[in-house]
Amino acid sequence: TQLEQALRNAIISDAIDVHFQPIVSLSNNQVVGFEALARWNDPDLGFVSPGVFVPLAEERGFIDALSEALLRKAAEAALSWPRELFLSFNLSSAQLMDPGTSGSVLSILGRVGFDPHRLELEITETAVMSSADTAHRIIADLRAAGVRISLDDFGTGQSSLGRLRDFIFDKIKIDRAFVSRINSDRASEHIIKAILTMCDGLELEVVAEGIEDYAEAVKLRTLGCGMGQGYHFGRPADGIATLRFLHENY
Ligand code: G
Ligand code: G
Ligand code: MN
Ligand code: NA
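The rules behind the values
For every chain, the first residue of the written sequence is number 1, and numbering continues from 1 onward in sequence order. Here every chain gets a letter starting at A, and every ligand a number starting at 1, in the order they are written. Reporting of local features is limited, given that this is a predicted model, to residues whose pLDDT is at least 70; pairs of side-chain atoms are given and counted only at 80 or more, and all residues count toward the totals for whole chains, interfaces and linings. Helix numbers and strand numbers start at the N terminus; a helix is a DSSP run of H or I with at least 4 residues, a strand a run of E with at least 2. Buried means a residue has 20 or more other C-beta atoms within 10 Å of its own C-beta, exposed means 12 or fewer, and partly exposed covers the counts in between; C-beta atoms are placed from the backbone. Nearness between a residue and a molecule or strand is assessed with a C-beta atom placed from the backbone; a distance within 6 Å qualifies. Only Asp, Glu, Lys and Arg are considered charged, only Ala, Val, Leu, Ile, Met, Phe, Trp, Tyr, Cys and Pro nonpolar, and every remaining residue, Gly among them, polar. As a rule, the C-alpha atoms of each element are fitted with a line to give its axis, helices using only the stretch in contact, and angles between N-to-C directions run from 0 to 180 degrees. Note on angle classes: values under 35 degrees are labelled roughly parallel, values over 145 roughly antiparallel, values of 65 to 115 roughly perpendicular, and the remainder oblique. The handedness criterion is simple: a crossing whose near helix is rotated anticlockwise from the far helix by less than a right angle is left-handed, and one whose near helix is rotated clockwise is right-handed. Each residue gets a C-beta atom placed from its backbone, and two residues are in contact if those atoms lie within 7 Å. Any two strands with at least two DSSP bridges between them are considered paired. With the strands pointing away from the viewer, any crossover whose connection runs clockwise from the first strand over the helix to the second is right-handed. One nonpolar core equals one set of buried Ala, Val, Leu, Ile, Met, Phe, Trp, Tyr and Cys residues connected by C-beta atoms within 7 Å. A helix is expected to span 1.5 Å for every residue after the first. This arc is taken over the directions from the axis of the helix to the C-beta atoms.

Enquirer: How should unusual backbone geometry be read in this particular structure?
Expert: What you tend to see is this: most non-glycine residues have negative phi, and most peptide bonds are trans. The phi dihedral of Asp-14 is positive, around 60°, even though this residue is not glycine. Checked against the element boundaries, Asp-14 lands in the loop between helix H1 (2–12) and strand S1 (17–25). Look at Asp-14 and you get exposed, because 10 C-beta atoms sit within 10 Å. One non-glycine residue with positive phi stands out, namely Phe-167, at about 55°. Inspection of the secondary structure puts Phe-167 in the loop between strand S6 (148–154) and strand S7 (171–174). Looking at Phe-167, the number of C-beta atoms within 10 Å reads 11, which means it is exposed.

Enquirer: Explain the site of ligand 1 to me, please; I cannot follow it from the model alone.
Expert: In the region of ligand 1, the neighbouring residues are Leu-37, Ala-38, Ser-49, Pro-50, Gly-51, Val-54, Ser-67, Leu-70, Asn-90, Leu-91 and Ser-92. Secondary-structure elements contributing two or more residues to the shell around ligand 1 are strand S2 (31–42), helix H2 (50–60) and helix H3 (63–79). Here the shell around ligand 1 gets three residues from one element, more than from any other, and that element is H2. Among the residues making up the shell around ligand 1, the classes are represented as six nonpolar, five polar and no charged.

Enquirer: Even after reading the chapter, I still don't get the site of ligand 2, so can you show me in this structure?
Expert: Taken together, 14 residues surround ligand 2, and among them Gly-210, Glu-212, Gly-230, Tyr-231 and Pro-236 come closest. Classifying every residue of the shell around ligand 2 gives four nonpolar, four polar and six charged.

Enquirer: What's the story with the packing of helix H4 (residues 101–112) against helix H6 (residues 132–144) in this structure? I'm lost.
Expert: The description of two helices packed together rests on the angle between their axes and the distance between the axes. Put simply, H4 and H6 touch, their axes get as near as 8 Å, and they point 25° apart. Taken together, the axes of H4 and H6 are roughly parallel relative to one another. The handedness of the crossing between H4 and H6 is right-handed. Contacts between H4 and H6 involve Thr-101, Ser-102 and Val-105 from the first element and Ile-138, Asp-141 and Leu-142 from the second. Residue composition of the contact of H4 with H6, grouped by class: three nonpolar, two polar and one charged.

Enquirer: Just to check I follow, could you spell out the pairing of strand S8 (residues 205–208) for this structure?
Expert: Walk down a regular strand and you will see the side chains alternate between the two sheet faces. Note: S7 against S8, four bridges, orientation parallel. When the bridges of S8 are listed, Ile-174 appears paired with Ala-208. In this structure, S8 lies alongside strand S9 (residues 227–229), joined through two bridges in parallel fashion. Its bridge partner being in S9, Ala-208 is matched across the sheet by Gly-228. Running through helix H9 (residues 214–223), the crossover from S8 to the neighbouring parallel element S9 is right-handed.

Enquirer: Help me understand the nonpolar core in this model?
Expert: Burial of nonpolar side chains together is a common tendency in soluble globular proteins. Core analysis: the largest hydrophobic core is formed by 64 residues, its most contacted members being Ala-74, Ile-172, Ile-174 and Val-206. Among the elements that take part in this core, H3 stands out by supplying eight residues, more than any other. Beyond its immediate chain neighbours, meaning those up to four positions away, Val-206 contacts Ile-172, Ile-174, Leu-196, Cys-199, Cys-225, Gly-226 and Met-227.

Enquirer: What's the story with H4 in this structure? I'm lost.
Expert: Note that an α-helix has 3.6 residues per turn; residues three or four places apart therefore point the same way. For H4, built from twelve residues, the straight-helix expectation of 16 Å at 1.5 Å per residue is met to within 8% by its first-to-last C-alpha distance of 17 Å. Of all the positions in H4, only Thr-101, Ser-102, Val-105, Ile-108 and Leu-109 are classed as buried. Within H4, the buried residues cover an arc of 135° as seen down the axis, which keeps them to one side. Exposed residues on H4 whose side chains face more than 90 degrees from its buried face are Gly-103, Ser-107, Gly-110 and Arg-111. Looking at the buried positions of H4, the neighbouring elements they touch are H3, strand S5 (119–123) and H6. Backbone geometry just after H4 places Gly-113 at a positive phi near 85°.

Enquirer: Teacher, can you tell me more about the pairing of S2 here?
Expert: Relative to S2, S1 is paired through eight bridges, and the arrangement is antiparallel. Residue pairing in the sheet places Ile-23 in a bridge with Gly-33 of S2. The loop that links S1 with its antiparallel partner S2 comprises five residues; one of these, Asn-29, has a positive phi angle of about 60°. Pairing between S2 and strand S3 (residues 46–48): three bridges, direction antiparallel. Bridging across to S3, Asn-41 finds its partner in Phe-47. Counting the residues between successive antiparallel strands, the hairpin from S2 to S3 contains three residues.

Shown next as structure tokens:
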């Protein structure tokens, strides 16, 4: 298809960019890290969402090439940040089925000179379940090297609390579907409270995603949620705007 050909060309010509969205500590609003988000603005097709091109790249077998280029760019950018903030990077489900993923991630970090302890990889529950043995091996190898693993979109999809019993995660990211209703829907507030209690007991860090206003930030801080992310704190921005943001705020 036209989209597939355009994506192939974009990967070859290194035209897919990476943007960064801040993750803050809710206790003091200090930035603690950034999530890298792929951005593709094609001259002919215009803006194409990663929600479209990441699954296409997985399906067509070029997710490795795409993801390696993105991780390299993200880690290089993170080296120029004024403080040692963490970098959070999304791994796709196809990558968790490929035994070569851990080696490839660590070799990129080595080449760039980026400390694995500063990297977090975001994965979804569906991805862990689809190829459990391989996924567990990849995660164990990466964690042994110091990389941290966070469970993305927690609470949606095929959630299974049983996954948390495996102790393969360092952090949980509460899906914005709950966060966006925290001040209007009692059920969402109760669910978030329960997640926070559970994560406290399991010694998991927690990020609330999709915080869009001050009232949501205050509520989550009051409930004891450690970290937040969302338009209220900052939208995804390119590498230069991210550097400016860091220098203006600190
Ligand atoms: O950028 P946006 O918030 O629209 O992201 C849409 C989806 O694409 C999200 O699920 C996000 O996790 C995913 N995504 C964004 N960048 C990347 C990336 O570099 N790799 C992978 N695998 N997924 C990404
Ligand atoms: O699946 P994942 O959580 O990685 O997806 C991240 C997506 O969420 C990105 O597309 C990002 O642009 C989007 N996002 C980040 N913060 C907000 C927010 O406050 N509100 C909304 N609606 N989307 C957000
Ligand atoms: Mn994510
Ligand atoms: Na998410």
